[in-house]
Amino acid sequence: MKHLNKKSTLLLLLAFVMMFMAACGNGNGTAGSAGDKPAAGGAENKEAPKAGEPVKVVWWHSMSGELGKAVDKLVSDFNASQKNVVVEAVFQGTYDESLNKMKASMDSTSGPALIQVYEIGSRFMIDSKAITPIQTFIDADKYDVSQLEENILNYYTVGGKLNSMPFNTSNPILYYNKDMFKAAGLDPEKPPVTYEEVAEAAKKLTKDGKTGASFAIYGWFMEQFFANQGAELLNNGNGRTSPATESMLGSDAGVKTLTWWKQMIDDKTMLNLGRKTDDTKKAFAAGQIAMTLDSTASLRGIVSAAEGKFQVGTAFLPKPKDAKDGGVIVGGASLYILNNRSEAEQKGAWEFIKFLADPKQQAYWHVNTGYFPITKKAYDEQLVKDNLAKYPQFKTAVDQLHQTKANKATQGAVMGVFPEARQLTEGAIEEVLNGKKTPKEALDGAAKEISSKLAQYNKTVAK
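Residues numbered from 1 in each chain as written. Predicted model: local features only at pLDDT ≥ 70, side-chain atom pairs only at ≥ 80, totals over all residues. Heavy atoms only, no water.

- As annotated in an unreviewed UniProt entry, the chain carries the name ABC transporter substrate-binding protein and comes from Paenibacillus ehimensis.
- Reading the Subcellular location (unreviewed entry) entry of the UniProt record for the chain gives the comment "Cell envelope". (UniProt positions renumbered as here; feature names shortened; annotations may be inferred.)

Here is the structure:
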């Protein structure tokens with residue numbers, strides 16, 4: 001960025017990206033309630049604290065409800081564990097709203113030292129030049145990253161360095177009604193693994209006014225279906241070897257997936273309930289559908305909703321029988337340290353991040369939220385062992401994470417226009433499921449629009 005300072009660069013990028021971010025709040029990928037009015041927060045100044053006073057670290061996050069309570073407990077425990085740093089957690093609404101507020105804060109000293117950003121904001125945060133990469137602190141501290149989950153770190157590593165620390169991490173799995181499987185003559189302990197097996201099972205499960213399956217029209221799912229086939233969503237190594245210039249949405253992986261999905265709609269073995277995963281969750285809990293896709297972070301809620309009515313089974317995300325090596329991409333969000341705060345605040349934020357990564361804290365976070373632990377030793381904690389005994393379905397998600405083959409496809413795509421790309425993908429899926437276009441036509445059309453937006457974004461970054 002030859003002629004712009006850091007602040008101007010950030011404002012340009014935010015002005016470009018935020019035009020599209022509001023459309024991303026479809027109830028699937030953002031945390032927090034858009035209707036909540038978050039408390040004002042921010043550091044008082046960039047000056048180092050006076051002698052003897054603790055460093056104040058303001059953390060902006062998007063965890064509401066029960067997730068927010070878990071965040072508050074972690075912050076309280078950290079503050080009580082030492083006297084050098086005091087973390088103030090401030091809920092800032094959805095991920096989109098929080099980024100908008102970060103933009104506004106660049107004109108003042110009211111911004112945070114630490115901010116939680118969803119995974120699809122990764123390229124934007126790097127391009128903003130507003131962060132101090134976590135790798136800087138890792139190198140200075142000789143922090144041992146081998147204790148962390150490789151397939152989680154893999155996503156947030158761009159250009160050979162870790163830019164942020166993973167925090168809340170999930171991936172999608174197949175949920176199925178074991179009782180309906182039994183009634184249909186299917187083995188409830190052998191869930192479908194391939195697209196073909198899902199379609200066959202859905203036919204047998206569709207009877208007595210009930211339908212075999214329903215998947216929410218969610219761009220995240222399409223991204224995952226690509227990765228599970230070892231297919232890249234963007235050119236240039238999924239945007240990781242160099243900035244992406246072209247969407248590969250219309251490739252065989254996408255066409256194959258949408259053809260399978262549409263065929264089940266045509267066969268009346270799959271219901272189209274729209275874009276919200278909340279709607280498919282409700283239909284599943286009511287026993288109206290036998291199979292659905294959802295995040296691992298929803299597991300406890302789904303199992304609890306079915307309690308006393310039917311037994312919930314879980315399985316890996318399905319893929320075509322001839323798929324190449326792949327796996328799932330992590331979803332959720334990570335923590336970025338902002339470089340316009342004092343050195344003391346940035347170091348304080350790093351101390352808090354290390355605390356959060358401790359096995360004990362990760363065990364608490366996992367059990368109380370459903371998100372994966374990012375630290376391997378968390379699985380040795382009794383709390384996690386007891387939770388797995390109560391919710392054995394969690395093992396599916398853990399195994400799926402660990403069996404994912406590391407490559408550019410499973411590392412996940414990175415692009416500065418990701419929120420809009422998801423919306424365009426969902427629009428294409430809708431056009432196909434509603435019979436308006438063929439899978440190839442719809443996906444090619446969306447890919448063309450995404451590629452155009454990538455070109456605009458790349459020009460903005462290059463200025």
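Picking up after the structure, the text goes on.
### Notes on helix H8 (residues 195–205)
Think of an α-helix as 3.6 residues a turn; residues three or four steps apart then line up on the same face.
At step 1: Along H8, the residues that are buried comprise Tyr195, Val198, Ala199, Ala201, Ala202 and Leu205. Down the axis, H8 shows its buried residues gathered within 165 degrees of arc, on one side only.
At step 2: In this structure, the buried side of H8 is in contact with helix H7 (178–183), strand E9 (211–214), helix H9 (219–228), helix H11 (252–266) and strand E10 (289–295). (Buried < 20%, exposed > 50% of the residue type's maximum accessible area, 1.4 Å probe, protein only. Helix = DSSP H or I, 4+ residues; strand = E, 2+ residues; numbered from the N terminus. Arc of directions from axis to C-beta. Contact = heavy atoms within 4.5 Å.)

### Looking at the pattern of salt bridges
At step 1: A full pass over the atoms with the stated rule returns 21 salt bridges.
At step 2: A salt bridge links lysine 73 to aspartate 77; the shortest N-O distance between them is 2.7 Å. Of this pair, lysine 73 and aspartate 77 both sit in helix H2 (residues 65–81), four residues apart, roughly one helical turn.
At step 3: A relative accessible area of 36% places lysine 73 in the partly exposed class.
At step 4: Salt-bridge contacts for lysine 347 lead to glutamate 343; the nearest nitrogen and oxygen are separated by 3.0 Å. A residue pair is termed a helical-turn pair when its members lie 3 or 4 positions apart in one helix, as lysine 347 and glutamate 343 do in helix H14 (residues 343–356) at four residues.
At step 5: We classify glutamate 343 as exposed; its relative accessible area is 54%. (Salt bridge = Lys/Arg side-chain N within 4 Å of Asp/Glu carboxyl O.)

### Digging into the sheet that holds strand E11 (residues 312–315)
Sheet strands pair by backbone hydrogen bonding; their relative direction is either parallel or antiparallel.
At step 1: If you walk across this open sheet you meet the four strands as E9-E10-E8-E11, and the pairing is mixed. The outermost strands of the open sheet, each flanked by one partner alone, are E9 and E11. Sheet twist, expressed as the average angle between the axes of neighbouring strands with direction ignored, equals 25 degrees.
At step 2: The pairing of strand E8 (residues 172–177) with E10 spans five bridges and is antiparallel. Across the sheet, the residue bridging to tyrosine 176 is methionine 291, located in E10.
At step 3: Contacting E8 and E10, H9 crosses the sheet at an angle of about 85 degrees to E10.
At step 4: Its contacts with the sheet place helix H12 (residues 277–285) against E8, E9, E10 and E11, and it is angled at close to 140 degrees to E10. (Pairing = 2+ DSSP bridges. Axes fitted to C-alpha atoms, helices over the stretch in contact; angles between N-to-C directions.)

### Comments concerning the packing of H9 against helix H19 (residues 418–433)
At step 1: Following both chains from N to C, one finds H9 and H19 inclined at 90 degrees, their axes separated by 8 Å at the closest point. Classified by the angle their axes make, H9 and H19 are roughly perpendicular. Along the contact surface, H9 presents Gly219, Trp220, Met222 and Glu223, while H19 presents Phe418, Arg422, Thr425, Glu426 and Ile429.
At step 2: Residue composition of the contact of H9 with H19, grouped by class: four nonpolar, two polar and three charged. (Parallel < 35°, antiparallel > 145°, perpendicular 65-115°, else oblique. Nonpolar A, V, L, I, M, F, W, Y, C, P; charged D, E, K, R; others polar.)

### Side note on the packing of aromatic side chains
At step 1: Per the counting criterion, the structure on display carries 21 aromatic pairs.
At step 2: Judged by centre distance (5.8 Å) and plane angle (50 degrees), the ring pair of tyrosine 218 and tryptophan 220 falls under tilted. Each member of the pair, tyrosine 218 as well as tryptophan 220, is classed as buried.
At step 3: Three or more aromatic residues joined by ring pairs make a cluster, and in this case those are Trp59, Phe78, Phe167, Phe352, Phe355, Trp365 and Tyr371.
At step 4: A cation sits over an aromatic face here: lysine 73 above tyrosine 364, 5.2 Å from the ring centre.
At step 5: The ring centre of tyrosine 155 lies 5.3 Å from the NZ or CZ of arginine 240, which sits over that ring. (Phe/Tyr/Trp six-rings, centres within 6.5 Å; stacked < 30°, edge-to-face > 60°. Lys NZ or Arg CZ within 6 Å of the ring centre and 35° of its normal.)

### Concerning the environment of threonine 259
At step 1: By secondary structure assignment, the location of threonine 259 is in helix H11.
At step 2: Sequence separation of threonine 259 and valine 432 is 173 residues, and the distance between their C-alpha atoms is 8.6 Å.
At step 3: A polar atom in the side chain of threonine 259 sits 2.6 Å from the backbone oxygen of valine 255. (Polar contact = N/O pair within 3.5 Å; in protein donor to acceptor, adjacent residues only side chain to side chain.)

### Observations concerning the packing of H2 against H14
At step 1: Viewed as axis vectors pointing N to C, H2 and H14 meet at an angle of 115 degrees, and their least axial separation amounts to 11 Å. As the angle between them shows, H2 and H14 are arranged roughly perpendicular. Where H2 crosses over H14, the handedness of that crossing is right-handed. Listed contacts from H14 to Leu74, Val75, Asp77, Phe78 and Ser81 of H2 are Glu351, Phe352, Phe355 and Leu356.
At step 2: Here the contact of H2 with H14 is composed, by residue class, of six nonpolar, one polar and two charged. (Left-handed = near helix turned anticlockwise from the far one by under 90°.)

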